[in-house]
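# Chain and residue survey
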Amino acid sequence: MFRNGRTALLLSTVLLALGQICPPSNDTPSELVNVVRDCLQKPERPGINFVLEKVIENVLPQGTNQITAAPGDPHHIYVVTGLYQPENNSGDALIYKCNPSNGTCDMWFDVERALMQVTNRTINYARWQHSGLRSVAFHTGFAENGLFYTAQMETRPSDTSSFKYLSDVGEDAINSDSTVIEWVFDHEAGAVDVESHREMLRVGMPVYDYPIRQTLFQGEHLYIAHGDGSASTGGGNNTDDALGKILRIKPCPREDADGSVENHSDGQSSENKCAELPYTVEGNPYVGVDGYLEELFAVGFRDPNHIAFTNESQLIVTDAGRDNLEEINCVIPGGNYG
């Protein structure tokens, strides 16, 4: 059903665009056979055939942030939820595994419970639309290695000296950091190994606006969309921070972190490349460029909330505007979209 995460992610991008293509209808749902298809199949748009089919209903909590799929699992979709409970400033950071063929869903991974168990840290829920669990990305080799990555807003540590920040705002930081964590799903045990927790990167935030968004693998690279932390920061065009950017990293094999040596494409060993960070940035457009973070792939975004790849490996990024302008960008390495 889904070859990988691209199908489900690209669907969300298409649906975002439909709001501009298809105006609202005054007809009731019972009077429409298929509202999207009826709108698109008009004389001025010949040859388009787009059908929506309801497959899951009333089995998931509110607060769905993402729908994706895992390589090697063509029969399920994975749903990221971030249910917010304003009465006590808490929530649920859960990933559900759903079967569209029968409409059932089972809770697959409780991210906050695992985070608490391993680190004694918590997910931050201070702002329902900009906090909690944001995304999950499955490694392209997930069927064999079980690797997947969650993006979330964590409560900021009281002592940050032992944490490595990709970028930070120091004393101006709010009590919430964007983080990306690597986990391993044990296929034999049928469960996530919570002790596999490995933090990949951390970003300090200036305000509760536009934090880390969607993440997605293409090949061996993990693409990370991060909001600009509010227009007041100008983050999308600052070259020395992660705000308002598309980031790209290549996670180091876990044996690298244990000190073994693996040769990379540039001839350097992982002993050198992975000694300080759990990832490399080889092939990124700003490697070796003064004043730029080497993790940057493209800059100049406000709220890049969805990313996807076409079958031709073209990166598509949707960027939400402040007032009435939205963007769907075909992104190239080193591009500036601000």
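Let us look at the structure shown here. What you see is a predicted model; the values in this text were computed from it and never measured. (Residues numbered from 1 in each chain as written. Predicted model: local features only at pLDDT ≥ 70, side-chain atom pairs only at ≥ 80, totals over all residues. Heavy atoms only, no water.)

From N to C terminus, the chain includes six helices and 16 strands. By the burial criterion, 50% of the 338 residues in the chain qualify as buried. With an accessible surface of roughly 16300 Å², the chain has 48% of that area assigned to carbon and sulfur atoms. (Helix = DSSP H or I, 4+ residues; strand = E, 2+ residues; numbered from the N terminus. Buried < 20%, exposed > 50% of the residue type's maximum accessible area, 1.4 Å probe, protein only. Areas by Shrake-Rupley, 256 points an atom, 1.4 Å probe, with all protein chains shown as cover.)

This next bit is on the packing of aromatic side chains. Taken as a whole, this structure holds 16 aromatic pairs when the rule is applied. Measuring from ring centre to ring centre gives 5.2 Å for Trp108 and Phe185, while their planes differ by 25°; the resulting arrangement is stacked. Taken together, the residues Trp108 in strand 4 (residues 104–110) and Phe185 in strand 7 (residues 176–186) connect sequence positions 77 residues apart. Accessibility assignment for this pair places Trp108 and Phe185 in one class, buried. Taken together, a centroid distance of 5.1 Å and an interplanar angle of 75° make the contact between Phe109 and Trp183 edge-to-face. Within this pair, whereas Phe109 is found in strand 4, its partner Trp183 is found in strand 7, the two being separated by 74 residues in sequence. By the ring-pair criterion, three or more aromatic residues cluster together here, those being Tyr78, Trp108, Phe109, Phe138, Phe142, Phe148, Trp183 and Phe185. (Phe/Tyr/Trp six-rings, centres within 6.5 Å; stacked < 30°, edge-to-face > 60°.)

On to helix 3 (residues 111–119). Turning to helix 3, its buried residues are Val111, Glu112, Ala114 and Leu115. All buried residues of helix 3 fall inside an arc of 160° around its axis, so they share one side. Facing away from the buried surface of helix 3 by more than 90 degrees, the exposed residues are Arg113 and Gln117. Among the structural elements, strand 3 (90–99), strand 4, strand 5 (133–138), strand 6 (147–155), strand 7 and strand 8 (191–204) are those in contact with the buried residues of helix 3. For helix 3, the capping residue at the N-terminal end is Asp110, with a side-chain oxygen 3.3 Å from the backbone nitrogen of Glu112. Note on helix 3: the residue one or two positions beyond its end, Asn120, has a positive phi of about 65°. (Arc of directions from axis to C-beta. Contact = heavy atoms within 4.5 Å. Polar contact = N/O pair within 3.5 Å; in protein donor to acceptor, adjacent residues only side chain to side chain.)

Our next topic: the environment of Tyr223. If you trace the backbone, Tyr223 turns up in strand 10 (residues 221–226). Using a relative accessible area of 5% as the deciding quantity, one classes Tyr223 as buried. For the pair formed by Tyr223 and Ile307, sequence separation is 84 residues and the distance between their alpha carbons is 8.5 Å. Of note is the side chain of Tyr223, whose polar atom sits 3.2 Å from the side chain of Arg248.

Right, let's get into the side chain of Lys245. Turning to its location among the elements, Lys245 is positioned in strand 11 (residues 245–251). Assessed through its relative accessible area of 0%, Lys245 is described here as buried. Within the local environment of Lys245, its side chain forms a polar contact with the backbone oxygen of Asn238, the two atoms lying 2.6 Å apart.

Strands sit in the order 5-6-7-8 across an open sheet of four strands; the sheet is antiparallel. Looking at the sheet topology across the chains shown, the edges are occupied by strand 5 and strand 8. Averaged over all pairs of adjacent strands, the angle between their axes in this sheet comes to 25°, without regard to strand direction. When strand 6 meets strand 7, the two strands line up antiparallel, connected through nine bridges. Residue Leu147 lies in a different strand from strand 7, and its bridge partner there is Val184. On top of the sheet, helix 3 reaches strand 5, strand 6, strand 7 and strand 8; it is set at about 85° to strand 8, its chief contact. (Pairing = 2+ DSSP bridges. Axes fitted to C-alpha atoms, helices over the stretch in contact; angles between N-to-C directions.)

With that settled, the discussion passes to a negative patch on the surface. A surface patch of like charges, here negative, comprises Asp186, Glu188, Asp193 and Glu195. Tracing the sequence through the fold places Asp186 in strand 7. Residue Asp186 is classed as partly exposed on the basis of its relative accessible area of 33%. (Patch = residues over 30% accessible without salt bridge, like charges linked within 9 Å, V, L, I, M, F, W, Y side chains within 5 Å. Salt bridge = Lys/Arg side-chain N within 4 Å of Asp/Glu carboxyl O. Lys, Arg positive; Asp, Glu negative; His and termini not counted. Charge placed at Lys NZ, Arg CZ, Asp CG, Glu CD.)

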